[in-house]
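Breakdown of the fold
Listed here are the chains, written in short residue letters.
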Amino acid sequence: MSVVSVASVVVAVVLLSGVFIASAHSRVGLPAMVGFVALGCAIAALDPDLLTAVSPGVATNLSYFALAMILFDGGLHTTPARVRRAFWPAMSLATLGVLVQSAIMTALAHAVLRLPWLSCAMLGVAASSTDAASVFSALGNTSLRERLADVLEVESGTNDPMTFFLMTVLIDLARIGGSGMHPVDVAVLFVEQMGVGLGVGLVAGYLGRKLLSVARLDTPGLYPAVTLAMALLSFGVAQSMSGSGFLAVYLTGVAMAVARMQERLAVLRFHEGLAWIVQIVMFVVLGFFLVPRDFADVAVPGLLLACGAIFVARPAAVWLTTLFFRLSADERWFIAWAGLRGAAPIVLVLFAVEAHVQGYIALVEVIFFVVLVSALVQGMTVQWFAEKLGLVQATPSESMCELLAVAREAAVVVPIEVAPGSPSAGKRLRDLAFPADTLCYAVVRDGKAVVPRGSTRIRAGDHLLVLAHEGAVGDLERLFREDQVGRAEALP
């Protein structure tokens, strides 16, 4: 078999296995991330030569792309209004909170591992990155209070740039021998990375929003191509300008979340699917570097540091950095417990591997231990904890996508443009003899949507969107025979 054939089969097996693991996790309760990593371990055990083909550098670059796509998907689901609502507590957690957690974890790592302070600082920074995607995956269909969910999502979208900045500083210190980096240089680097990331993200988001609002593409599948292109452009330009590509791509998604675009649901589902695909591949590849038999050597220090991260560092950071914000004690305790670790800590430690920092093998094993313990302990209890504290709100038992999937089986949408001189023009909706099993659910007038009522008068040039059973389409065409009746299409 050719290399391409073998690679195709391997990728297919990985994706199918990942889909099965992701589907099973909601029923079994085991976090999907643990299953993905275990799959990577199993593949590496079957083919030990993988580590020569997939170096830490390759894994890091792949993870960069995956994290960018995950952050962009998160941004698309986080509107600017949600960012404003959660901005100050989320920013405090993503900046000061990361510093507090990093300091505590550095001290704990030095006490437990007895490694040099610089190596321990890298572990401390890596262990301070949280992942909201893991939180909401663990919550399933349980819906948190709006502001609480906003704080967690915005924090997770903005703490990655902070942790990557700190790791960059530490790697630079390691390369110059731990001395010679002036605080002013660190401040300039921070402003450069965050400023470039902020500027590129907002500009790319504005351009993407404008492009989507005016685009009239013939094929619906081209809209996700536009959003994907803007995400890649934002990330790539920011990185090439020595800025934070993660901050840029997240802000691009946030800015484009309010764009008036055709095929919005198709775009959102595309990026949700892409985020799952890259998440599966990323965790499987990161699992290549995990050697389960070595866990016995780091079990005790790993467990101590995992407990320190979960029960000491994260709660202390949350309480200290949200002290002056209007959050209840229950909300603070939940934010502390919901600080699940994801892929970012492992990717950050791979920097230490590339830099050959002293004790880097121990750092990799310990950070894997911390991430897996966090996923198991917090991931399997976060839903119970939210319900126990009364922080959930009632939501439909089925998701919007699932409800639409059921609805599209039995209904279609018929677009109708009211022609000048039409008998329907000037009439109220309730005066039109709409066939049974039909409903006019929207009127588009002068580029704006009008929610219709029975008293709404129809004007020439109006576009009616009529929800109808397939058997009633012919009756609609006869009723509006003097108007422009479009082709009946399934719900998006």
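Let us look at the structure shown here. (Residues numbered from 1 in each chain as written. Predicted model: local features only at pLDDT ≥ 70, side-chain atom pairs only at ≥ 80, totals over all residues. Heavy atoms only, no water.)

**Things to note about the overall build of the chain**
Summing up its helical and strand segments, the chain has 19 helices and 8 strands in all. What you see for the chain is a C-alpha radius of gyration of 26 Å, in line with the 23 Å of a compact globule of 492 residues. (Helix = DSSP H or I, 4+ residues; strand = E, 2+ residues; numbered from the N terminus. Rg over C-alpha atoms; globule rule 2.2 N^0.38 Å.)

**Focus on the environment of A433**
Among the structural elements, A433 can be located in the loop between strand 3 (411–417) and strand 4 (438–445). Counting along the chain gives 64 residues from A433 to F369, while the straight-line C-alpha distance between them is 67 Å.

**Considering the pairing of strand 4**
Judged from the 6 bridges that link them, strand 4 and strand 6 (residues 463–469) form a sheet pairing that is antiparallel. Bridged to A442 within strand 6 is L465. As defined by bridge partners, strand 4 adjoins strand 5 (residues 448–450) across 3 bridges and the pair is classed as antiparallel. Residue pairing in the sheet places V443 in a bridge with V450 of strand 5. Turn length for the strand 4-strand 5 hairpin, with the two strands adjacent in sequence and antiparallel, is 2 residues, and the turn residue D446 shows positive phi of about 55 degrees. (Pairing = 2+ DSSP bridges.)

**Comments concerning the pattern of salt bridges**
Opposite charge on two side chains makes pairing possible when the charged atoms of those side chains draw close. Enumeration according to the criterion identifies 10 salt bridges in this entry. Ionic pairing is found between R82 and E153, a salt bridge with its closest N-O pair at 3.6 Å. With a gap of 71 residues between them, R82 in helix 5 (residues 80–113) and E153 in helix 8 (residues 146–175) connect regions that are remote in the sequence. R82 sits in the buried class, given a relative accessible area of 17%. For E153, a relative accessible area of 17% puts it in the buried group. With its nearest N and O atoms 4.0 Å apart, the salt bridge here joins R85 to E146. You can see R85 sitting in helix 5 and its partner E146 sitting in helix 8, a full 61 residues away along the chain. Linked through salt bridges whose partners overlap, the residues forming this network are R82, R85, E146, D150 and E153. (Salt bridge = Lys/Arg side-chain N within 4 Å of Asp/Glu carboxyl O. Buried < 20%, exposed > 50% of the residue type's maximum accessible area, 1.4 Å probe, protein only.)

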